Amino acid sequence: MAAKAPQNSQLSNEASFTNNIPVPKTKIFVKSLAESPDLISIPSSYASMTETPNIENQELLEESEVKFPTIDFSLLTSGNPDQRSKVVDELAKACEEWGFFMVINHEVPERLMEAVIDGCREFFDLSDEDKLEFEGKHLLDPIRCGTSFNTTQEKVFYWRDYVKTFVHPQFHFPHKPPGFSEIAREYSKRTREVFLGIVEGISESLGLKADGIYKTLNLESGLQIFMSNLYPPCPQPELAQGLPPHSDHGFLTFLTQNGVDGLQVQHNGKWINVSPIPNSFLVNTGDQLEILSNGKYKSLIHRVVLHRNKSRISLSIANGPSLDIVVTPAPELTACQPPAYAGIKYKDFLELQQSNDLYGKSVLDRVRI
């Protein structure tokens, strides 16, 4: 018999059953469920055979068939105007045609990138009781730890555990495991420096001043979220989802991982597996960039697939406007074309996404004109 889904929250003290084997009430995270020695199939509460309707072609392209856009950050910041102009053009093309690019030569030390992934692994290895100390009660609590995406709304849960913290403009972080907070602080700071450099290039690519987006979105107080995801081995990866097809709520998201692939991006209606260049950032465009650019740059639809025998850890650094900023299409971009999106405060947009199912561009669609 498949496991009975909790009525309100996967973070529940109710016992359930998997293959007629009782799942102890302390096993509330997917990691604990996946490590159950008697688990041979996924509980029905994780089984999903549905797919989002906005995917026109389910064909999966091989990576050898495509060439991912790559941005050399050192050339963007070299001080050479010709090199910078070339990279700005490459950013424009990547944002307009892909919504996704890899960033190389970004000067974030490889040892720091490895250390922060190790810290994420140590966090997920904490006991369920220790992790529940950081559960959080509200969608905008600065530290939250949990499973799936929004278990109060979902009929089918995602095979994923997470820890999510706000690291800018104020730094918040769990105090366990020892030393993780210090590593995360340095990593967040260094990644934010790269983000701000990329933003200047994107601003210029849209015909705005280099500091145009920075000032418009009040990025000095912009929200930066550190979010690590654990996708444990899944006995039936073809039936479960790590994360469904969706776009990110922010402006740009920076992704690294533990060497196990699982990210798929949608390009021209087809799915593509993404294997990053070593020591690179995978960067995707978010909904706030689509709004600000008046639809010229589309936020990227992407999803996470699972493995039968491998555990994947990813680390996303989501960078967005100040929570109190009302994001609208840039006035310079609506002189010849009417606004395609209504203005919405970033905090309201984030709350809408976090309080509903994670699905396509459902929140962005609400503000289209």
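Residues numbered from 1 in each chain as written. Predicted model: local features only at pLDDT ≥ 70, side-chain atom pairs only at ≥ 80, totals over all residues. Heavy atoms only, no water.

The protein chain carries the name Oxoglutarate/iron-dependent dioxygenase in an unreviewed UniProt entry, which gives Trema orientale as its organism. In the Sequence similarities (unreviewed entry) part of its UniProt record, the protein chain is described as follows: "Belongs to the iron/ascorbate-dependent oxidoreductase family." (UniProt positions renumbered as here; feature names shortened; annotations may be inferred.)

### Observations regarding the overall build of the protein chain
Tallying secondary structure elements over the protein chain gives nine helices and 17 strands in all. Residues classed as buried in the protein chain amount to 55% of the 369 residues present. Carbon together with sulfur atoms contributes 50% to the accessible area of the protein chain, which is approximately 16100 Å² in total. (Helix = DSSP H or I, 4+ residues; strand = E, 2+ residues; numbered from the N terminus. Buried < 20%, exposed > 50% of the residue type's maximum accessible area, 1.4 Å probe, protein only. Areas by Shrake-Rupley, 256 points an atom, 1.4 Å probe, with all protein chains shown as cover.)

### Thoughts on helix α3 (residues 81-97)
Over its 17 residues, α3 runs 24 Å from end to end, which matches the ideal 24 Å to within 8%, given 1.5 Å per residue. Considered for burial, the residues of α3 that qualify are Arg84, Val87, Val88, Leu91, Ala92, Ala94 and Cys95. Seen from one end, α3 has its buried residues packed into an arc of 165°, which puts them on one side. Exposed side of α3, more than 90 degrees from the buried face: Asp82, Lys86, Asp89 and Lys93 are the residues found there. (Expected span 1.5 Å × (residues − 1). Arc of directions from axis to C-beta.)

### What about the packing of aromatic side chains?
Scanning all chains against the criterion turns up 13 aromatic pairs. Consider the rings of phenylalanine 123 and phenylalanine 134, whose centres lie 6.1 Å apart with planes at 45°: the pair is tilted. One end of the pair, phenylalanine 123, is in helix α4 (residues 110-124); the other, phenylalanine 134, is in the loop between α5 (128-132) and β6 (143-147), and 11 residues separate them in sequence. Judged by relative accessible area, phenylalanine 123 falls into the buried class, the value being 0%. Cluster of aromatic residues (ring-pair linked, three or more members): Phe171, Phe173, Phe180 and Phe226. The ring of tyrosine 162 carries the charged tip of lysine 164 above its face, separated from the ring centre by 5.6 Å. Lying over the aromatic face of tryptophan 271, arginine 303 brings its terminal NZ or CZ to 4.0 Å of the ring centre. (Phe/Tyr/Trp six-rings, centres within 6.5 Å; stacked < 30°, edge-to-face > 60°. Lys NZ or Arg CZ within 6 Å of the ring centre and 35° of its normal.)

### Notes on empty space enclosed by the protein
Evaluation of the coordinates by the stated rule reveals two cavities of 30 Å³ or more. Counted as a void, the largest cavity has a volume near 420 Å³. In this structure, the largest cavity is lined by 35 residues; those nearest its centre are Met227, His246, Asp248, His302 and Ser316. Of the residues that constitute the lining of the largest cavity, the class distribution is 18 nonpolar, 12 polar and five charged. Within this model, the second largest cavity holds a volume of roughly 60 Å³. Lining the second largest cavity are Ser247, Asp287, Gln353, Asp357, Leu358, Tyr359, Gly360, Lys361, Ser362 and Val363. (1 Å grid on protein atoms, 1.4 Å probe; cavity = no way out; pocket = protein on both sides within 12 Å on 5 of 7 lines; lining within 4 Å. Points joined across faces, edges and corners; volume = space filled by probe spheres on them. Nonpolar A, V, L, I, M, F, W, Y, C, P; charged D, E, K, R; others polar.)

### Overview of the pairing of strand β8 (residues 224-231)
Of all eight residues that make up β8, eight are buried, and the element is covered over most of its length. Here β8 shows two buried faces, one formed by Gln224, Phe226, Ser228 and Leu230 and the other by Ile225, Met227, Asn229 and Tyr231. Note: strand β7 (residues 161-168) against β8, seven bridges, orientation antiparallel. When the bridges of β8 are listed, phenylalanine 166 appears paired with isoleucine 225. (Pairing = 2+ DSSP bridges.)

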